Each structure stands twice: as C-alpha cells, then as structure tokens.
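Observations on the three-dimensional arrangement
The primary structure of each chain is shown beneath.
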Amino acid sequence: MVRTSLVANYAHGAAAAVRASFADRTNFILQSLSMVVNNGFMLVLWFMFFAGFRSVGGWKLADMALLIGIIMSIVGVAGIVFGGYRDMAASILSGEIDALLTQPRSVLARLLSRDSYPSAWGDLGTAIVILMAFAGLGWRDLPWLAAGWLSGLVVYIAAAVTFASLAFWISGARSLARDMTEFVILVSTYPGSIYSGASKLIAYTLLPAGFVVLTPVRLLRHPSLGTLAVVIAAAMIYAAIAAGVFHLGLKRYRRGATPVMGV
Amino acid sequence: MSSAVITVQDLRKSYRYASRRGGLLGAIGGAFSPDYKLIDAVDGISFEIAAGERVAIIGPNGAGKSTTLKMLSGILEPTSGDARVFGLVPWRERKALAYRIGVVFGQRSQLWGELPARDSFALLASIYDQRGAAFEQRLKDLIERFELAPLMGQPVQRLSLGQRMRCEITASLLHAPSLLFLDEPTIGLDITAKAAIRDFITENAREEGQTVVLTSHDTRDIELVCERVIVINQGRIVVDQPTDQLRRRFLAHKLVTLHAPSRRVEIALPGVMRRASEPHLDVFEIDTRKVRVEQVIATALEGGGIEDITIEDPPMEEVVREIYAVAHD
C-alpha cells in the first residue's frame, strides 16, 4: 500500500470542500459579490480619507492598498483552502472530531480542509485587483511579496487555530475564537503607525496583525534580509505554538477532560 | 494463539466534572473553587471478541457503551486497564488501527452533505490510501451489493435518512476493514430503513467474515444482527451471553397499543397482559413465546371500534432493568 502524502491528501480534502461551496450557485454568487461590495466600500472610504490627508504617520494610499490587499488575500485564501479554521472551535465542542480520530490522518489537517467559504472568493478577487492596481508593486517585488504573504498566511491560520484550540479547555470558546480572529483582521486593516506602547505589544503578540501584515508590508517597502528573517521566524514560531496548543488540547480531549464529553 | 480480535481487561474510564452549586453566589464561588466529582463511566470491564463475531453492547443512556466503543476505536484513552484490537493498543496506535477498522456513528456523518456520495467516497479512498483497480472493483462491488447506483450522483443531503445511512456504512467499508464499530446505526430511521440497514450489515459481515461490534437502543438491531450480547449498566458488564439465550428470556415481548374511543378492549389470550388502560387507549404486553402478535390483533379487531394500533418493542431501559434484576437475583 502506497501512502498518499499529507499535501496530496490535504489538496483532495480542500478540493472537495471547494466543490461543496460551489454546490448552491446562487448562494455562492451572492456571498462572494456581497463581500466584493463590502470590501469596495472600505476601499472607497480610505480613498476619501487620503484625498483629504496625504499620509498617516508616513503611510500613503499605496501603502494602505498594499496592506488591505495582503490581509484580504490572506483571509480569502484561508477561507477557500483552510476554511475549517472558522468553525474549528464548534467542531471540537460538538465532538465532530471523534470521526476524524478514527481515520489514519492528521486531525488538524482534516479539520482545516473540511470547509470552504464562498465569501472568501470575494475577498481574494478584490485583493488581487487592489494589489495590481493600487499597491504600487512591480515585478521585482514579487519574491518579497510571496515571502511576506506566505508568512502572513501562516501566522493568521496559526493564530486562528490557537484561538479555536481553547475549545479543548473552555466551553464558550466558539464565540471567543471567532471574536479573537475577527480582532486580528480588524487590527490588520489599520496603518502600523497608529500602534504604539501596549497596542503595539498586543499587535505583535496576542493578536498578531503585526506579523500577518505589518512586517510583510515593511518587507515589501524596505526589503532586507533581516526583515525576511523576522517574517520567516514569526511564521515558524506561531505555527509551532498553534501545533503545540492544538495537540495538547487533543491529548486532553482523548483523556476525556474537555468541557463537553458524552458518556 | 487466541483468535480474539478484541481483548479487554479491567478497562476503566472515569470522567472528572465540576459540580454546580445552587444560586448566584454558589455559581460565582464554584467558578473560583470548583468541587470536582468523578463519574466511573466504565468500571472495570473485561471481555474478548473472536474474529467474525457480531456482538452488541447494550445498556441504558449513560451506561458506558459509547465510551467503551470510543476506547476500542482509539478515540479515548482509558483511566486504567488494557485493551488490544488486532494486537494493537487502540489509543497508542490510532493511525495503524484506523486502516483495519471501520467506524459508523449514527448521529454523525463522514459524508459531505452538498456533494454526491461518490465524491466523499473518493476523498475517503485517498485518506485510507486506496487506489487502483482493486479499489475500483471493491467500490463497484459495494455499490452493487447495497444497490447504491441510483444514489451515487445525488447530493447526500437530498437522500432519505435510510439511504444516507447505507452510504455512511459503505463509506466505512471502502478500505475493507476486518472490524466494524457501529454506534446506534439505526437511530432515527423508519421501520423499512431499519430493516434494510440490518440486512446490509449482516449480509456484508457474513460475506466478508467481518467482526461487528454494535451499540443500539433498538432491541431488534440486536436480535437480527448480533449473535452475542454484552449488557452494560453503570459501567459494568451485567450479562454477556448469546443472543438466542437472551431472546428466550428477555426479548420475547411486544407492546401493543390499541386506540378504541368507544370501548375498553379486552383480550383473553394466554401470554397477553394489560400494561395500562386510559380512556380510549389500552396497552398490552405480549409474550411472543406463548401467542403470536397477529392472533392478538385479530382478537382485538373482532370487537370492532379500534381506530389505531401500534406495535413496539419494550424500551431498552426496561429490558436492561429486567436483565439487571434477574442477574442480581
């Protein structure tokens, strides 16, 4: 028996989730279009803002477009390919992982690949337009963009998995995990110059918007190997924390010590 | 060498929970200094299951049967004791064991509701590393055996509960497991669908020499599918014996409810006992070893005026209570 690789298996699961999200065509179109409208509205507000103030703490319109483009594309790809992160806490609390534990695969990978959201296509579509039209990027920026974007995606998913894993300890973690993940997105949509002191500390630790978008933006605007090392290290550290917390929680679940466990 | 597929020795599982105190102050106090209590969900059970056996684990709600199944399928770790499934320790060798067992949870689905079953089957094939001509042939055989061909292209959420359960069981058989765990496989199904699922499980187990371990609340599941019954109550084994023996003593009863607005129904037959009587409604317990159900119905209909008839098995809780009482006499 030849084992299917983790990546091939993940791709199989994620592809099935994407097909499932296409199943109701009207719902798919409505959700993705409404996200485009929502994102477009936010962009128009920033356009109006920058029409009056040329810059915010050194951040210009192109920098904001880059920041918004990166966070939207991260949220878009996460929602399409790793969509299970959004309801992971609920899956843990409802005992849905029992069935996954009887399969010969990573429970975390199976949880992440089991959902895909139509609205995420709206995020991704808007992000591509914003990045191409307003972010002031050239071909030479692409390698930096790829590195910064990928590390931002890893940090974002890792933070969401860590928050969702609280469900192994806390029965009310479903809304807590969602709120915390929404906070990361919220903090990621403002220029980095507005954060200082405690808010900056939070943005670079608990709600790691700093490593999801702000450091990747700095990498693109002022490329350096030092900043590249920081984004890669951040991605590795947050991924390790997420994997560690999830597996500690899973061990607890398998000992029957979670908030909800039927007899 | 023992031919046992499953060996369980003094297996125990305790859950700790924080006891709730009454009142607002109690709730606040409990949040800071919780009183922890222990529940012994499984309290030292031991048994063996041989290859090819079909065994039911039954008991009332909270008896510990699902916990037992979860420990044997590698989901839960026990508090103490030992269990081997195909020589593997389930909670330590979860992934290796997963290739050899199939698991069906009656109240959970492993299929994508929005997609046709064939898409979920393809994903499960990839999860279990099944591919090539051998797998295609197996899938073809299963589709043929369980008459799934007309259902394969329909989104699972549009199938009836019975059709969906047939697909769930097929999904659990794709990797040709030698052992099938079924947790309440007929829950929520109508009589016809239940019968189809029972045939489905039994036929497959016979053809493939598969071992089946099943939990259910429906005594008919046990009678028609399993040849051995393990009764658990409060985490302990009360009875472990062949279904035939159990059937003779405890599963030979039916409850017949008759709705007759115009009269009180009287049935004077051996083996018929009145269980309850309310205005317009009479409930009789029938001992099927002494009288046939159709004979009871025919006698009741002779008097006329009956508007509705219900035939049921006694609730599992009642059967287990009776078994428990006899076992402790």
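Residues numbered from 1 in each chain as written. Chains lettered and ligands numbered in written order. Predicted model: local features only at pLDDT ≥ 70, side-chain atom pairs only at ≥ 80, totals over all residues. Heavy atoms only, no water.

**What to know about the confidence of the model for chain B**
Residues at a pLDDT of 70 or more form 98% of chain B, whose mean pLDDT is 89. No element of chain B has a lower mean pLDDT than helix α1 (residues 23-32) of chain B, which averages 74, and none a higher one than strand β4 (residues 80-85) of chain B, which averages 98. (pLDDT = per-residue confidence, 0-100. Helix = DSSP H or I, 4+ residues; strand = E, 2+ residues; numbered from the N terminus.)

**Focus: the side chain of N233 of chain B**
For N233 of chain B, the location among the structural elements is in strand β8 (residues 228-233). Dropping the residues within four chain positions of it, N233 of chain B is found in contact with P60, A63, V238, V320 and Y324 of chain B. (Contact = heavy atoms within 4.5 Å.)

**Section: the interface of chain B and chain A**
Counting residues at the interface gives 36 residues for chain B, matched by 35 residues for chain A. Buried area between chain B and chain A, both sides added, is near 3,200 Å², and the carbon and sulfur share of it is 55%. Linking chain B to chain A there are 3 salt bridges. Across the pair D119 of chain B and R19 of chain A runs a salt bridge whose closest N-O atoms are separated by 3.1 Å. Where chain B meets chain A, there are 17 residue pairs in polar contact (both at pLDDT 80 or more). Counting only elements with at least two residues in the side of chain B that touches chain A, the list comes to β1 (4-19), α2 (65-72), α3 (94-98), β5 (101-105) and α4 (117-127) of chain B. Of the residues forming the side of chain B that touches chain A, the biggest block, 6 residues, is contributed by α4 of chain B. (Buried area = accessible area lost by both parts, 1.4 Å probe. Salt bridge = Lys/Arg side-chain N within 4 Å of Asp/Glu carboxyl O. Polar contact = N/O pair within 3.5 Å; in protein donor to acceptor, adjacent residues only side chain to side chain.)

**Things to note about the sheet that holds strand β6 (residues 179-183) of chain B**
All names here are of chain B. With mixed pairing, 6 strands are arranged side by side in an open sheet as β5-β6-β7-β3-β8-β9. Since the sheet does not close on itself, it has two edges, and those belong to β5 and β9 (236-242), each with one partner. Across the sheet, the mean angle separating the axes of adjacent strands is 15° when strand polarity is ignored. Sheet topology places β5 next to β6; 5 bridges connect them, and they run parallel. Paired with F105 across the bridge in β6 is D183. Sheet strands touched by α2: β3 (54-58), β6, β7 (211-215) and β8. Its angle to β6, the strand with the most contacts, is close to 150°. Each of β3, β6 and β7 touches helix α7 (residues 191-208); the most contacted strand, β3, lies at about 140° to it. (Pairing = 2+ DSSP bridges. Axes fitted to C-alpha atoms, helices over the stretch in contact; angles between N-to-C directions.)

**Things to note about the packing of α4 of chain B against helix α6 (residues 161-173) of chain B**
Residue and element names in this part refer to chain B. For the pair α4 and α6, interaxial distance at closest approach is 10 Å and the crossing angle is 20°. With respect to each other, α4 and α6 are oriented roughly parallel. As α4 packs across α6, the resulting crossing turns out to be right-handed. Residue-level inspection shows A117, F121 and L124 of α4 in contact with α6, the latter providing C167, T170 and A171. For the contact of α4 with α6, the class distribution of residues is 5 nonpolar, 1 polar and no charged. (Parallel < 35°, antiparallel > 145°, perpendicular 65-115°, else oblique. Left-handed = near helix turned anticlockwise from the far one by under 90°. Nonpolar A, V, L, I, M, F, W, Y, C, P; charged D, E, K, R; others polar.)

**A closer look at the pairing of β8 of chain B**
Residue and element names in this part refer to chain B. For β8, a buried count of 6 out of 6 residues is recorded, marking the element as mostly surrounded by other parts of the structure. Alternating residues of β8 divide into R228, I230 and I232 and V229, V231 and N233, and every residue in both groups is buried. By the bridge criterion, 4 bridges tie β3 to β8 in an arrangement that is parallel. Considered in β8, the bridge of I58 is made with V231. Sheet topology note: the β8/β9 ladder contains 6 bridges and is antiparallel. (Buried < 20%, exposed > 50% of the residue type's maximum accessible area, 1.4 Å probe, protein only.)

**A look at the sheet that holds strand β11 (residues 272-278) of chain B**
Think of a sheet as strands paired side by side through backbone hydrogen bonds, with each pair either parallel or antiparallel. Residues and elements named next belong to chain B. Read from one edge to the other, the open sheet built from 4 strands follows the order β11-β12-β10-β13, with strand pairing classed as antiparallel. Sheet topology places β11 and β13 (308-312) at the edges, where each strand pairs with a single neighbour. Between one strand axis and the next, the sheet turns through 20° on average, direction left out of account. One ladder, built from 7 bridges, connects strand β10 (residues 253-259) with strand β12 (residues 281-287); its direction is antiparallel. Across the sheet, L258 pairs through a bridge with D282, a residue of β12.

**Here we look at the domain arrangement of chain B**
Partitioning chain B into domains gives domain 1 (4-249) and domain 2 (252-312). Computed from C-alpha coordinates alone, the two centres of domain 1 of chain B and domain 2 of chain B are separated by 36 Å. (Domains from an automatic or database assignment.)

**Points about a nonpolar patch on the surface**
There is a patch of nonpolar side chains on the surface, built from F41, V44, L45 and M48 of chain A and spanning about 420 Å² of accessible area. Along the polypeptide, L45 of chain A turns up in helix α2 (residues 25-52). (Patch = residues over 30% accessible without salt bridge, like charges linked within 9 Å, V, L, I, M, F, W, Y side chains within 5 Å. Areas by Shrake-Rupley, 256 points an atom, 1.4 Å probe, with all protein chains shown as cover.)

**Some thoughts on the pattern of salt bridges**
Scanning the entire structure with this criterion turns up 30 salt bridges over all chains. Linking R178 of chain A and D87 of chain A is a salt bridge whose minimum nitrogen-to-oxygen distance equals 3.4 Å. Of this pair, R178 of chain A sits in helix α9 (residues 173-187) while D87 of chain A is found in the loop between α3 (61-81) and α4 (88-93), placing the two residues 91 residues apart along the sequence. Exposure remark for R178 of chain A: the relative accessible area of 36% places this residue in the partly exposed category. In this structure, E208 of chain B engages R145 of chain B in a salt bridge whose closest nitrogen and oxygen atoms are separated by 3.3 Å. Here the residue E208 of chain B occupies a position in helix α7, and R145 of chain B occupies one in helix α5 (residues 132-145), the gap between them amounting to 63 residues. What makes E208 of chain B partly exposed here is its relative accessible area of 29%. Among the ionic contacts, a cluster of salt bridges with common partners joins D10, R12, D43 and R236 of chain B.

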